[in-house]
Structures are given as structure tokens and as C-alpha cells.
Amino acid sequence: MDEQMHESKDNKFIPMTSITSGTGQEVGNDVYYYTDQIVNMSFIGFPNEGDWVLVDAGLPNAAPEIRSVVVDRFGRDSKPSAIILTHGHFDHVGGVVELVEEWEVPVYAHELEFPFLTGEESYPEPDSTVEGGLLAKLSPMYPNQPINLGDAIKPLPSDNSIPGADGWKWIHTPGHSPGHVSLFRESDKTLLSGDAFITVRQDKLYNVLMQTEEVNGPPRYLTSDWDAAWESVKKLEQLQPNVVVSGHGHFMEGEKLTKGLRSLVENFDKLAIPDYGRYVDGQNYKQ
Ligand SMILES: [Zn+2]
């Protein structure tokens, strides 16, 4: 594929972990998610039949680990029909360049995310001043430079379908990033929310380490448009998901999810929007 394909220029290992790192879990028969350090990636598809897709690609250097998960679940020499990116932040695209070079499969993302996936534009700097603890304080060390997927990157289809994942739709859920998408399957109301909302409190290091379950707004230090983020959470709540796998944290289902999501929608200004920070109070990065 494109010879200009490259990793982020400030790509580096992030020393951060949780007790579920290196483990995976099935959510329904054909959805599996795996935790790499502190971030989840999902595999949609049955282990021994038909197409499957990879959703997101972990932290920098995640490719070898993803390959071994693929061998365990889908067999040696198996590869996805496509990779879907919920967005292009460093902790969701870490393994993608290496995997695409090997697998030569298309990568689908929302067009508003393209500048960050084709080497054109960096995301706004993470806000290390935001209310929100150690992960925010550490955020200046996170890779911020764009990766370049060259010709491999394709726009998600305009009919909201997801190539290689029948019955699934993508939903534009901006705010955390301009082209952020969530994935939803109506038949069993399974939601992959990416970072539109997450199921762990990411500004509390203890909760990240222990993966304590609670419905929370998007990770604070990288969210640049809080009004859009609120609208996106409302959109996802209206779908009434039965089960969610988010970008960070343990999967969640049933009443805990329903109540948590309702509360997040109603109290987003108090629960999710930080009290202070660079992207708060009309100082949103214009998307
Ligand atoms: Zn993110």
C-alpha cells in the first residue's frame, strides 16, 4: 500500500496498566473485546466462520499482542476483512499501521477524522491543566502527532453500514474528537461506544487500575468540544443499548448501564464536563 504510511512521529510506549490488561472477554457469541494496558479493542465476528472486523487498535506497540489475540480467536493466518476506527487518538490507533502493512486490509473511519489519520493534522494538545488527576497530568507525554495510513484509509459508507459487519451501523458521535463514531447493532442492542462515553472513571488512577465500573463522560484531557460530546451521549442513550463495550473500562449491561447512562445524560455538566480546563467555558477547540 501507500509507501508514505507511517507511525506517529512522537510514537512511544505509555507506561500505564490495569488489572484486566492482557485479558479478553466475549460479549455475546460474536463480539469479543480485549484490553491492552488501559484501552479496549473489539473483534466482531464468529471465531470459525465468515468475515470478522477489528474495531480500534490499541496503544503504541500493540500490534504483536493483537496478532496473538487473532491467532487465539480466529486461527493462524486469519485476518479481518476490515479495521474500523472509532477515532484516531493515539490509544486507539497504536497498532494499526503495522497491522495494515501486514494484512493489507482497508481501514474505515469518519471523514472528519481523516486529517489525523493521513499525516495532515495533529489533534489539539491534550489538556494537562484540566481538572482530572494523574492521567491528565501525564498527558503531555502522549503521542499527539498524526499517523499516516495513506491509501489504506477509506470513508465509512454514507448509508451507515459497516463493511464486513452485517447488521451493524456506525453513528457519528463527535465531541471527544470531530469524527468520532460509535457502532451499534439494533437486533441485540449491542453498542461499542468508543470514547463517546466510557465505563471507568479515567481521571482517577485507582479506578483505571482496578477498572472500577461506572458510566462516565469521555476522557477529559483529550475532549475538545463538550457541547457536542453531550449531544452524542444523548443520541446513544436514545438507542437504549442492552450492553456496551467502551474504549476504556469493563463491559456493562442491564440496569447498571441504563441508569448510569440516564444519569450521565441528565447530569453531563456536573459528571462529565470538568470544572476547569482549556476546552471548557466557551473555549472549545473549533472543530
Ligand atoms: Zn480518545
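**Side note on the side chain of serine 232**
Step number 1: As for its position among the elements, serine 232 is in helix α6 (residues 226-238).
Step number 2: Among residues more than four places away in sequence, those in contact with serine 232 are Thr173 and Pro174.

**What about unusual backbone geometry?**
Step number 1: Of note, glutamine 37 is a non-glycine position whose phi angle comes to about 55 degrees, a positive value.
Step number 2: In this structure, glutamine 37 sits in the loop between β2 (31-36) and β3 (39-44).
Step number 3: Relative accessible area serves as the criterion here: at 10%, glutamine 37 is assigned to the buried category.
Step number 4: Phi angles above zero are rare outside glycine, and glutamine 240 is one such case at about 50 degrees.
Step number 5: Position of glutamine 240 among the secondary structure elements: in the loop between α6 and β13 (243-246).
Step number 6: Of the residues examined, glutamine 240 reaches a relative accessible area of 57% and is grouped as exposed.

**Some remarks on the environment of tyrosine 34**
Step number 1: Note on placement: tyrosine 34 falls in strand β2.
Step number 2: Residue classification places tyrosine 34 among the buried positions, given a relative accessible area of 8%.
Step number 3: Spatially, the C-alpha atoms of tyrosine 34 and glycine 22 are 7.1 Å apart, while their sequence positions differ by 12 residues.
Step number 4: In this structure, tyrosine 34 is in contact with Gly22, Thr23, Gly24, Val39, Asn40, Met41, Phe43, Glu65 and Val69, ignoring residues within four places of it in sequence.
Step number 5: Within the structure, the side chain of tyrosine 34 is placed 2.5 Å from the side chain of glutamate 65, a separation counted as a polar contact.

Each value, and the rule that gives it
Residues numbered from 1 in each chain as written. Predicted model: local features only at pLDDT ≥ 70, side-chain atom pairs only at ≥ 80, totals over all residues. Heavy atoms only, no water. Helix = DSSP H or I, 4+ residues; strand = E, 2+ residues; numbered from the N terminus. Contact = heavy atoms within 4.5 Å. Buried < 20%, exposed > 50% of the residue type's maximum accessible area, 1.4 Å probe, protein only. Polar contact = N/O pair within 3.5 Å; in protein donor to acceptor, adjacent residues only side chain to side chain.

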